[in-house]
Amino acid sequence: MAAEPSAPTTGEHPNDVRLHLLGGFRLTHGAAPVVVPRGLQRVIALIGLRPDATRAHLAGLLWPEAGEDRALSSLRTALWRLRQDPYCPLTTTADTIRLDPLVRVDVDRLVQTAARVRDGQAPEDATEALAAGRHDLLPGWYEDWVLTDRERLRQLRLHMLEQVAAQHLAAGRHGEALEAALEAMAAEPLRETPHRLVVRIHLAESNAFEAVHAFYVYRDLLLRELRLEPSPAMSALLDETLEPIRRATRVPAEAHHPGGRARFADPLTHRSRHRPDRSR
């Protein structure tokens, strides 16, 4: 591996090494990118994602088709190559390997931010919290261990954004709540929870039109993509808001239907339903 000319000389101890795995593999030393062969990228990335993993576990994930002895031999070779370069220092014991604590990994920052939010703490930097994990883990990599961690981190970020939005909503910070909910919506447009949060935020601001509009935008998307309706829990959010519209759009049938029922149009579903005639 080698750094660009602006990096420190080989003998200098690295003090600002960063491993970026979200949005693609990048290893930097200060402002300079470090050139890493693809084979070693896989080793560094896995060690960064699995701190303190045993050698046998790492070898099995990296070379799943090889026998155990051959996989361990390949790992020893890769580790020897990494130790020749100061730009990605490792800490090893008899059976475990991890990156040196000096190496900062962007995935760790996402996990730590999500943990603080889960514990009810406000993120230190709200803008950074919204942006954290905006890109997928190692796009274009299709190893099983990458796919597993990619989905884990995607779900972690979605829940973090939804929790941030709910915390802001509970505190009456509607603008910040809407920003976090829309960020979650952009990450997974078909997921109902952020759409439900958007409706709740608009209702909290007494913006009935915005709330109804947000509901129908999601309903149309869900019908078009999955042929599904929003959940009853989401529809119930608008019951109180739409009740006056329901009352105004109830129309008497030309004659009472058998059983004394009159028809009305439900604006949430666009379906004609029956309701018992209570006037008798």
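The notes below deal with the structure included here. Because the structure is predicted, anything quoted here is derived from the model rather than measured.

## Focus: the overall build of the chain
- Each helix and strand in the chain was counted, giving eleven helices and eleven strands.
- Expressed as a percentage of its 280 residues, the buried residues of the chain come to 40%.
- Within the chain, residue pairs in contact and separated by at least 24 positions form 57% of the contacts whose partners lie at least 6 positions apart.
- Accessible surface, the chain as shown: approximately 15,500 Å² in total, 52% of it carbon and sulfur.

## Here's the deal with the side chain of Arg 55
- Within the secondary structure layout, Arg 55 lies in helix 2 (residues 55-62).
- Of the side chains with opposite charge, Asp 95 lies nearest to the buried Arg 55, which makes no salt bridge, at 5.0 Å.
- Of note is the side chain of Arg 55, whose polar atom sits 3.4 Å from the backbone oxygen of Thr 93.
- The contacts of Arg 55, once residues within four sequence positions are left out, are Leu 72, Leu 75, Leu 79, Arg 83, Thr 92, Thr 93, Ala 94, Asp 95 and Ile 97.

## Focus: helix 2
- Within helix 2 the residues assigned to the buried category are Arg 55, Leu 58, Ala 59 and Leu 62. The buried residues of helix 2 occupy an angular sector of 95° when projected down its axis, which confines them to one face.

## Thoughts on the sheet that holds strand 6 (residues 90-92)
- Pairing in this open sheet of three strands is antiparallel, and the strands run 5-7-6 from one edge to the other. If you trace the sheet from one side to the other, it starts and ends with strand 5 (53-54) and strand 6, each paired once.
- Bridge count for strand 6 against strand 7 (residues 96-99) is three bridges, and the pairing is antiparallel. Directly across from Thr 91, in strand 7, lies its bridge partner Arg 98.

## Observations concerning the packing of helix 7 (residues 174-187) against helix 8 (residues 192-204)
- Orientation of helix 7 relative to helix 8, taken along the N-to-C sense of each, is 160°, at an axis distance of 9 Å. In terms of their interaxial angle, helix 7 and helix 8 are classed as roughly antiparallel. The way helix 7 lies across helix 8 gives a crossing that is left-handed. Only Pro 194, His 195, Leu 197, Val 198, Ile 201, His 202 and Ala 204 of helix 8 make contact with helix 7, whose side of the interface consists of His 174, Ala 177, Leu 178, Ala 181, Leu 182, Ala 184 and Met 185.
- A per-class count over the contact of helix 7 with helix 8 returns eleven nonpolar, three polar and no charged.

About the criteria used
Residues numbered from 1 in each chain as written. Predicted model: local features only at pLDDT ≥ 70, side-chain atom pairs only at ≥ 80, totals over all residues. Heavy atoms only, no water. Helix = DSSP H or I, 4+ residues; strand = E, 2+ residues; numbered from the N terminus. Buried < 20%, exposed > 50% of the residue type's maximum accessible area, 1.4 Å probe, protein only. Contact = heavy atoms within 4.5 Å. Areas by Shrake-Rupley, 256 points an atom, 1.4 Å probe, with all protein chains shown as cover. Lys, Arg positive; Asp, Glu negative; His and termini not counted. Salt bridge = Lys/Arg side-chain N within 4 Å of Asp/Glu carboxyl O. Polar contact = N/O pair within 3.5 Å; in protein donor to acceptor, adjacent residues only side chain to side chain. Arc of directions from axis to C-beta. Pairing = 2+ DSSP bridges. Axes fitted to C-alpha atoms, helices over the stretch in contact; angles between N-to-C directions. Parallel < 35°, antiparallel > 145°, perpendicular 65-115°, else oblique. Left-handed = near helix turned anticlockwise from the far one by under 90°. Nonpolar A, V, L, I, M, F, W, Y, C, P; charged D, E, K, R; others polar.

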